[in-house]
Amino acid sequence: DPAKEVGGDFYDYFLIDDDHLCIVMADVSGKGVPAALFMMASKIIIQSCAMLGESAGKILTKTNEAICSNNPEEMFVTVLLGILEISTGKLTYANGGHEYPAFMHRGGEWTISKEKNGLAVGALEGVIYKETTVDLKPGDKIFLYTDGVPEATDKNENMFGMENMLKTLNRSREADPKTILGAMREAVDEFVGSAEQFDDLTML
């Protein structure tokens, strides 16, 4: 949900092959048309690099190289990119300056995975992105989002915050994904009230 006419957030998911699903959540610096154009270019570069069959870290490393080689506006994009091996449930992801992912293992509570972040993609040449691996089982869930969720702001400039985000997720532990996203949007809207939406808001 963009804050202005056009937004700079994007998400994507696509099969690299029959056993590997690529998941992307990203947020471009800036707003409006320049951010939207940079977002479209970034999305194409990420998908092109992913389809080469590389690891999550290498995909971000190559994407960073491509963006840094031709970026006169000096824009950047925060990206969380994961590759799920469907047959085993192994999720390997790399984080380029993006919000931390949330995970819920079946029967447990939602938690934030605070691995070490890399730099935003396009911010600096020569960055090597590291990977984190999580073993997922049937019934486990992942929640990805942009900073428009925790940084949603009310008229007194209070932010929704990570604590409220986790509380909302944990109230809907057994729900299906569509219900979880609806509950989160409802909680954010209730918190923000009459204040204008400050940033693009994206969830997956």
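Remember, it's a predicted structure, so these values are computed and weren't measured experimentally.

Student: Please clarify how the overall build of the protein should be interpreted in this entry.
Tutor: Along the protein, the regular secondary structure elements total four helices and eight strands. When its helices and strands are written in sequence order, the protein yields β-β-α-α-β-β-β-β-β-β-α-α. Against the compact-globule benchmark of 17 Å for 204 residues, the protein has a radius of gyration of 17 Å, which places it among compact chains. The principal-axis extent of the C-alpha atoms belonging to the protein is close to 45 × 40 × 25 Å. Counting across all 204 residues of the protein, residues that qualify as buried make up 49%. For the protein, the share of sequence-separated contacts (at least 6 apart) that also reach a separation of at least 24 residues comes to 67%. Summing over all exposed atoms, the protein offers an accessible surface of approximately 10700 Å²; the carbon and sulfur share of this is 53%.

Student: Honestly, the pattern of salt bridges in this entry has me stumped. Any pointers?
Tutor: Where charged atoms from two side chains of opposite charge approach closely, those side chains can pair. Under the counting rule described, the total for this entry stands at four salt bridges. A salt bridge links E54 to K62; its shortest N-O distance comes to 2.7 Å. Linking R185 and D189 is a salt bridge whose minimum nitrogen-to-oxygen distance equals 3.1 Å. Of the two residues, R185 and D189 both sit in helix α4 (residues 177-192), four residues apart, roughly one turn of that helix. A residue is classified by how much of its surface remains accessible, and R185, at 22% relative accessible area, is partly exposed.

Student: Would you explain the side chain of T146 in this entry?
Tutor: Mapped onto the secondary structure, T146 falls in the loop between β8 (141-143) and α3 (161-171). Residue classification places T146 among the buried residues on the basis of a relative accessible area of 0%. Sequence-distant contacts of T146, defined by excluding residues within four places in its chain, comprise D9, M25, A26, D27, H98, E99, D200, L201 and T202.

Student: Is there a simple way to explain the environment of G139 in this structure?
Tutor: With respect to the secondary-structure elements, G139 resides in the loop between β7 (132-135) and β8. Taking the C-alpha atoms as reference, G139 lies 28 Å from L60; in sequence the two are 79 residues apart. Setting aside residues up to four positions removed in sequence, G139 forms contacts with M104 and R106.

Student: Any chance you could explain the packing of helix α1 (residues 32-50) against helix α2 (residues 56-69) here in plain terms?
Tutor: Relative placement of two packed helices is described by the angle separating their axes and the distance separating the axes. Two elements in contact, α1 and α2, have axes separated by 9 Å at closest approach and are oriented at 135 degrees. What the angle tells us is that α1 and α2 run oblique. The two elements α1 and α2 meet at a crossing, and its hand is right-handed. Contacts between α1 and α2 involve F38, S42, I45, I46, C49 and A50 on the former and, on the latter, I59, K62, T63, A66 and I67. Grouping the amino acids of the contact of α1 with α2 by side-chain chemistry returns eight nonpolar, two polar and one charged.

Student: Please explain the packing of aromatic side chains as it appears in this structure.
Tutor: Ring pairs (aromatic) are described by centroid distance and by the angle formed between their planes. Scanning the entire structure with this criterion turns up four aromatic pairs. Between F160 and F191, the aromatic rings sit 5.6 Å apart at their centres with planes inclined by 75 degrees, giving edge-to-face as the arrangement. Taken together, the residues span a long stretch of sequence, with F160 in the loop between β8 and α3 and F191 in helix α4 at a distance of 31 residues. Owing to a relative accessible area of 5%, F160 belongs among the buried residues under this scheme. Overall, F191 belongs to the partly exposed group, its relative accessible area being 25%. The structure contains a cluster of three or more aromatic residues connected by ring pairs, namely W110, F143 and Y145.

Student: Help me out: how do you make sense of the packing of α3 against α4 in this one?
Tutor: Taken N-terminus to C-terminus, the directions of α3 and α4 make an angle of 140 degrees; their axes are 9 Å apart at the nearest point. Between α3 and α4, the angle is such that the two are oblique. In terms of crossing hand, the pair formed by α3 and α4 is right-handed. Residues N164, M165, T168 and L169 of α3 form the contact with α4, whose participating residues are I180, A183, M184, A187 and F191. A breakdown of the residues in the contact of α3 with α4 according to their chemical character gives seven nonpolar, two polar and no charged.

What counts and what doesn't
- Residues numbered from 1 in each chain as written.
- Predicted model: local features only at pLDDT ≥ 70, side-chain atom pairs only at ≥ 80, totals over all residues.
- Heavy atoms only, no water.
- Helix = DSSP H or I, 4+ residues; strand = E, 2+ residues; numbered from the N terminus.
- Rg over C-alpha atoms; globule rule 2.2 N^0.38 Å.
- Buried < 20%, exposed > 50% of the residue type's maximum accessible area, 1.4 Å probe, protein only.
- Contact = heavy atoms within 4.5 Å.
- Areas by Shrake-Rupley, 256 points an atom, 1.4 Å probe, with all protein chains shown as cover.
- Salt bridge = Lys/Arg side-chain N within 4 Å of Asp/Glu carboxyl O.
- Axes fitted to C-alpha atoms, helices over the stretch in contact; angles between N-to-C directions.
- Parallel < 35°, antiparallel > 145°, perpendicular 65-115°, else oblique.
- Left-handed = near helix turned anticlockwise from the far one by under 90°.
- Nonpolar A, V, L, I, M, F, W, Y, C, P; charged D, E, K, R; others polar.
- Phe/Tyr/Trp six-rings, centres within 6.5 Å; stacked < 30°, edge-to-face > 60°.

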